[in-house]
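Notes for the structure review
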Amino acid sequence: MVKSEERMLAAILYVVSLFFPLIGPLVIWLLKKDESSFINYHGREYFNFFISYTVYSVISGILVFLLVGIFLLWILGIMALVFTIIAAVKAYEGNEYRFPLVFRVIK
């Protein structure tokens, strides 16, 4: 059973990422990863998501010259927002969430 504080911090990790995509989640994760395997899981999952979607965004940015990248950037932005909200809700419920289309760099 995951403690209420762990669930709240894991959910905050995702909510903060909407405003401060790198620094906010990194601070929470680094401070609490040794104390909670639940927060460690969500921190790793978030940063795998961040790395993957950054790579996808760079590729889409390059494809802007072919005009297809404009649509891909919009789709990536919407997907990132929706998946982040879903992850925050799942974390608050005490569940683990795996982002779709993410390659796992941090294990």
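See the structure printed just above.
Residues numbered from 1 in each chain as written. Predicted model: local features only at pLDDT ≥ 70, side-chain atom pairs only at ≥ 80, totals over all residues. Heavy atoms only, no water.

1. Looking at helix α3 (residues 37-63)
An α-helix turns once every 3.6 residues. As a result, residues three or four positions apart point the same way. Here is the rule we go by: Only DSSP runs of H or I reaching four residues or more are called helices, and only runs of E reaching two or more are called strands; each is numbered from the N terminus. By definition here, a helix of n residues has an expected span of 1.5 Å times n minus one. Within 3.5 Å is the distance limit for a polar contact, defined as a pair of N or O atoms, with the added protein rule that one can donate a hydrogen and the other accept it, and that residues adjacent in sequence qualify only through two side-chain atoms.
Between its first and last C-alpha, α3 extends 39 Å over 27 residues, near the 39 Å set by a 1.5 Å rise per residue. Between a side-chain oxygen at the N-terminus of α3 and the backbone nitrogen of Phe38 the separation is 3.3 Å; the capping residue is Ser36.

2. Some remarks on unusual backbone geometry
Applicable threshold: Think of it in three bands: residues with accessible area under 20% of the maximum for their type are buried, residues over 50% are exposed, and the middle band is partly exposed, with areas taken using a 1.4 Å probe on protein chains only.
We note that Leu67 has phi near 70°; this positive angle belongs to a residue other than glycine. With respect to the element layout, Leu67 can be found in the loop between α3 and α4 (68-93). Look at Leu67 and you get exposed, because its relative accessible area is 55%. Despite not being glycine, Leu101 shows a phi value in the positive range, around 60°. Position of Leu101 relative to the elements: it lies in the segment after α4.

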